[in-house]
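# A closer look at the structure
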Amino acid sequence: MQNNTFSGLFVGHNLITLKDVDSTNTFLKDAVSKSTPLMDGTVIMADRQFAGRGQSANSWQSEAGKNLTFSILLNPSFLPVESQFDLNKAISIALNDVLRNHVGPGVYIKWPNDIYINTKKVGGILIENIIQGTKIKYAIIGIGLNVNQVNFADNLKNVTSLKQVLHQDYHLMGLLGEICSAIEARYLQLKSGSLKKINEEYLNRLYLKGEIASFKFNGRIEKGKIIGITEIGQLILETEGQIKYFNNKEIEFIN
Ligand code: BTN
């Protein structure tokens, strides 16, 4: 275990690097459940996760030492439970901010919180909240970003990495510093109550927004157009003049 710091920031001020761990999210969850004292903004980064987790009980596969796999501990006690999707938005925008600086246009947020470059997934976010009463006591923000990996397992379809797109290697710690700084900025924007701006940015960067595309729901494939997101984070789809609302996993994007 190595202890570092990104100075001037609270996100990453306490940065712990592990060689091998099951999952950085699980590591932080365990630490919190044992009341281990950890600063707000603590970052746990791993060279290798042997049981990395994705959304909806999927696994997160990542070649050791080539990508970013890390989790951030935040105390968003200012956020009521029913506003938890706002945190997803702020984090998704922050990752998008950093990637846009490197890639330029073509970086999107695929609802609810995947990061896409053009039509391929480059990163994913898994936020696990620990609720106390009506407030979020802790949020564990897990982020996986494909950086220098160029070969992906056959079961991983539709994925890419920064290196595949830009044909250059990235310094992982440098990139992590940029991400921590962007997350801190967007998190503070959320905390200051600038939700309107966050909502606008999220919608502006939303993958396939306003375009006719194919989606699978209720066992059928239909054409429709994403027209927005509700306050609690449901996807709003217009199909044949009807408006439909979907929770995560109730709808699939058909590429
Ligand atoms: C998804 O796209 O399904 C979310 C992927 C989240 C992966 C990251 S890697 C670091 C952190 N630890 C985990 O076990 N998962 C998240």
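Residues numbered from 1 in each chain as written. Predicted model: local features only at pLDDT ≥ 70, side-chain atom pairs only at ≥ 80, totals over all residues. Heavy atoms only, no water.

## A closer look at the site of the ligand
Around the ligand, the structure places 20 residues, and the nearest of them are Ser 23, Gln 49, Arg 53, Gln 55 and Lys 121. Take Gln 55: an N or O atom from its main chain is 2.7 Å from an oxygen atom of the ligand. Compared with its free state, where it exposes 410 Å², the ligand has 98% of that area covered by protein. Spatially, the ligand is embedded in the largest pocket. Sorting the residues of the shell around the ligand by element identifies α1 (24–33), β4 (68–74), β7 (120–132) and β8 (135–145) as the ones contributing at least two each. For the shell around the ligand, the element with the most residues is β7, which contributes 4 residues. (Near = heavy atom within 4 Å. Polar contact = N/O pair within 3.5 Å; in protein donor to acceptor, adjacent residues only side chain to side chain. Areas by Shrake-Rupley, 256 points an atom, 1.4 Å probe, with all protein chains shown as cover. 1 Å grid on protein atoms, 1.4 Å probe; cavity = no way out; pocket = protein on both sides within 12 Å on 5 of 7 lines; lining within 4 Å. Sits in = over half its atoms within 2 Å of the grid points. Helix = DSSP H or I, 4+ residues; strand = E, 2+ residues; numbered from the N terminus.)

## Some details on the side chain of Asn 25
In this fold, Asn 25 is placed in helix α1. Within the structure, Asn 25 has its side chain in polar contact with the backbone oxygen of Leu 126 (distance 3.2 Å). With near-sequence residues (within four places) excluded, Asn 25 lies in contact with Arg 53, Ser 71, Leu 126, Glu 128, Ile 140, Ile 141 and Gly 142. (Contact = heavy atoms within 4.5 Å.)

## Here we look at the domain arrangement of the protein chain
Segmentation of the protein chain into domains returns domain 1 (15–204) and domain 2 (212–254). With centres defined by C-alpha atoms, the gap from domain 1 to domain 2 works out at 24 Å. Contact with domain 1, which involves 10 residues of that partner, is made by 13 residues of domain 2. Between domain 1 and domain 2 lies a buried interface of about 900 Å² when both sides are counted; carbon and sulfur atoms form 68% of it. Of all residues in domain 1, the largest losses of buried area upon contact with domain 2 belong to Phe 85, Lys 110 and Trp 111, amounting jointly to 56% of the total for that side. Where domain 1 packs against domain 2, one counts 0 salt bridges. Taken together, the links from domain 1 to domain 2 amount to 2 residue pairs in polar contact (both at pLDDT 80 or more). Those elements giving two or more residues to the side of domain 1 that touches domain 2 turn out to be α2 (84–103) and α5 (195–204). (Domains from an automatic or database assignment. Buried area = accessible area lost by both parts, 1.4 Å probe. Salt bridge = Lys/Arg side-chain N within 4 Å of Asp/Glu carboxyl O.)

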